[in-house]
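Chain by chain, the residues:
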Amino acid sequence: MTTDQAVGLAREDEGPQRATLLELFLDLVFVAALALTSRTLAQRLDWVGVFETVVLLMAVWWVWAASALSTELHHPGRPPIFAMTLWVMFGTILMAGALPGAFAGHGLIFAGAYVAIQVGRGAFLVAVPSGRLAQQHFGRFMFWFAVSAVPWLAGAFVSGPARGLLWTAALVVDYAVAWLRYPTPRIGRLPAPRYAVAADHLAERYQQIFTLALGDLILIITLTYAAHDLTLDRTAALLVGFTTAVLLWQIYVHRAGALLKAAIEASRDPGGFVRSAPNTHLLMVAGIVAASAGFEAVIAHPAERASPWLVGVLLGGPALFLLGRARFEYEVFSRVSPSRLLALLVLAVAGPVLVLTPALVAGLAATLVLAGVAVADSIRAHGNPPEPPMPST
């Protein structure tokens, strides 16, 4: 028996592993962070606003992804992992509170909380007597997050484009080393077999966070509707927004979403599949954030003419979601449904036309495109038997 097993931090091949209530509790914090991200975008629909939102969303998402990997590799119920989870939760609340002003006066709070979460997680767990394997895992994370902490903190002390460039560089480091399995001096990379320890646990975590991310859309449209006079056109906009949330969920869970666990287990390279999952789901969550920002504007001013940026957000949200979902489907079945590609084409063609219409019409058009994809999925499901996931090469 290894020291890691004796202490009980590291997961081994122990059979099915379910996501815990503690992990669900952690995910609830991110609903608030995502809602503030979409509201920040809604308040500044231009190039700068989009760029800043992308940076902030990628930072928030990577806190969740790194935490999910930590609990994937280690038992979340053990006291050190429990303490780490509470640390992440409070840090995420700080990040969320500073998020609207992250590119203004609250940059140091946002970046400082991010660095404290990522570096602090590793430092704390490396110091815990947990055995060589667990300490090496957390040592890899701590080393690379310490490297990216330099541009994160440096960006907090400058303003304007320099902050955006430094934070972008930090994110490039964070995402790239994760894809490369955290190659660390004297320790090496995270072993690929470690990614297949609990495929069912990881699959459930991603399904869980995607479903909770839809809570961002529900929360935003509900709060916006309650903040204005409850007119007939606003009620119609609320219905369209709610229908969009239902369709996003339906398209996600259709086949590939339900077979994520089996796909990981069937893959010849579970490590590659698991490393790509954060990126495909980031695209889908970004689509939800964009849709939330768009429908906030639609519900507030349903009869006003849609601006080019509003149309871009309303159509770009479903487009980002479908791009991520198409890549997700390819990883599971090694093919992409034509309905997704056709929907992306329709969204691109519809954009110039919808700038001439009221905001409610633009929102409805985006929802109808998603409805077409959902109907195509339903027809295909009834006409063909369920497909097994294809082994990836």
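Residues numbered from 1 in each chain as written. Predicted model: local features only at pLDDT ≥ 70, side-chain atom pairs only at ≥ 80, totals over all residues. Heavy atoms only, no water.

## A few points about the overall build of the protein chain
Reasoning step 1: Scanning the protein chain from N- to C-terminus turns up 14 helices and zero strands.
Reasoning step 2: Ordering the α and β elements of the protein chain from the N terminus gives α-α-α-α-α-α-α-α-α-α-α-α-α-α.
Reasoning step 3: For the protein chain, with 393 residues in total, the buried portion stands at 55%.
Reasoning step 4: Per element, the accessible surface of the protein chain, about 16,000 Å² overall, is 72% carbon and sulfur. (Helix = DSSP H or I, 4+ residues; strand = E, 2+ residues; numbered from the N terminus. Buried < 20%, exposed > 50% of the residue type's maximum accessible area, 1.4 Å probe, protein only. Areas by Shrake-Rupley, 256 points an atom, 1.4 Å probe, with all protein chains shown as cover.)

## Section: the packing of helix α2 (residues 21–42) against helix α4 (residues 79–98)
Reasoning step 1: Contact geometry of α2 with α4 gives a least axis separation of 9 Å together with a crossing angle of 10°. The pairing of α2 with α4 is recorded here as roughly parallel in orientation. Packed against α2, whose contacting residues are Leu22, Phe25, Leu26, Val29, Phe30, Ala33 and Leu36, the element α4 presents Phe82, Thr85, Val88, Met89, Thr92, Ile93, Ala96 and Gly97 at the interface.
Reasoning step 2: Considering only residue class, the contact of α2 with α4 consists of 12 nonpolar, three polar and no charged. (Axes fitted to C-alpha atoms, helices over the stretch in contact; angles between N-to-C directions. Parallel < 35°, antiparallel > 145°, perpendicular 65-115°, else oblique. Contact = heavy atoms within 4.5 Å. Nonpolar A, V, L, I, M, F, W, Y, C, P; charged D, E, K, R; others polar.)

## Section: the layout of surface pockets
Reasoning step 1: Estimates place the volume of the largest pocket at around 360 Å³.
Reasoning step 2: Along the walls of the largest pocket sit 17 residues, with Leu41, Val50, Val54, Ala290 and Leu320 positioned nearest its centre.
Reasoning step 3: Looking at the lining of the largest pocket, the elements with two or more residues in it are α3 (47–73), α11 (270–300) and α12 (308–333).
Reasoning step 4: The element contributing the most residues to the lining of the largest pocket is α3, with six residues.
Reasoning step 5: For the lining of the largest pocket, the class distribution of residues is 14 nonpolar, three polar and no charged. (1 Å grid on protein atoms, 1.4 Å probe; cavity = no way out; pocket = protein on both sides within 12 Å on 5 of 7 lines; lining within 4 Å. Points joined across faces, edges and corners; volume = space filled by probe spheres on them.)

## Regarding the nonpolar core
Reasoning step 1: If you look at the biggest cluster of nonpolar residues, it comprises 99 residues, and the most contacted ones within it are Trp61, Trp62, Met95, Phe110, Tyr114, Trp152 and Trp167.
Reasoning step 2: Sorting elements by how many residues they give to this core places α3 first, with 13 residues.
Reasoning step 3: Those residues in contact with tyrosine 114 that lie beyond four places of it in its chain are Ala59, Trp62, Val63, Met95, Phe145, Trp152 and Asp174. (Core = buried A, V, L, I, M, F, W, Y, C linked by side-chain atoms within 4.5 Å.)

## Details of unusual backbone geometry
Reasoning step 1: Residues other than glycine seldom take positive phi values, yet arginine 181 does so here, at roughly 65°.
Reasoning step 2: With respect to the helices and strands, the residue arginine 181 is situated in the loop between α7 (161–179) and α8 (199–226).

## What about the packing of aromatic side chains?
Reasoning step 1: As enumerated under the stated definition, the model contains 14 aromatic pairs in all.
Reasoning step 2: Seen from their ring centres, phenylalanine 110 and tryptophan 152 are 6.5 Å apart, and the 55° between their planes marks the pair as tilted. Here phenylalanine 110 is found in helix α5 (residues 107–127), whereas its partner tryptophan 152 is found in helix α6 (residues 132–156), with 42 residues between them in sequence.
Reasoning step 3: Ring centres of tyrosine 252 and phenylalanine 328 lie 5.8 Å apart, and the angle between their planes is 20°; this geometry places the pair in the stacked category. Here phenylalanine 328 lies in helix α12 and tyrosine 252 lies in helix α9 (residues 232–257), a separation of 76 residues in the sequence. (Phe/Tyr/Trp six-rings, centres within 6.5 Å; stacked < 30°, edge-to-face > 60°.)

## Quick look at the packing of α5 against α7
Reasoning step 1: Two elements in contact, α5 and α7, have axes whose closest approach is 13 Å; the angle formed by their N-to-C orientations is 10°. One way to sum up the angle between α5 and α7 is to call them roughly parallel. For the pair α5 and α7, the contacting residues are Gly107, Phe110, Ala111 and Tyr114 in the first and Arg163, Trp167 and Asp174 in the second.
Reasoning step 2: Looking at the contact of α5 with α7 residue by residue, the classes come out as four nonpolar, one polar and two charged.

## Re the pattern of salt bridges
Reasoning step 1: For the coordinates displayed, the defined rule picks out seven salt bridges.
Reasoning step 2: The partner of aspartate 27 in a salt bridge is arginine 205, with the nearest N and O atoms 2.6 Å apart. Taken together, the residues aspartate 27 in helix α2 and arginine 205 in helix α8 connect sequence positions 178 residues apart. Arginine 205 shares its class with aspartate 27; the two are buried. (Salt bridge = Lys/Arg side-chain N within 4 Å of Asp/Glu carboxyl O.)

## Comments concerning the confidence of the model for the protein chain
Reasoning step 1: Model confidence for the protein chain is summarised by a mean pLDDT of 85, while 82% of its residues fall at 70 or above.
Reasoning step 2: The least confident element of the protein chain is helix α1 (residues 3–7), whose mean pLDDT is 42; the most confident is α7, at 95.
Reasoning step 3: Per-residue pLDDT stays below 50 along residues 1–7; that stretch engages in 14 contacts with residues further than four places along the chain or on separate chains. (pLDDT = per-residue confidence, 0-100.)

## Some remarks on α4
Reasoning step 1: Helix length check: α4 (20 residues) gives 29 Å between terminal C-alpha atoms against 28 Å at 1.5 Å per residue, within 8%.
Reasoning step 2: Among the residues of α4, those classed as buried are Pro80, Ile81, Met84, Thr85, Val88, Met89, Gly91, Thr92, Met95, Ala96 and Ala98. (Expected span 1.5 Å × (residues − 1).)

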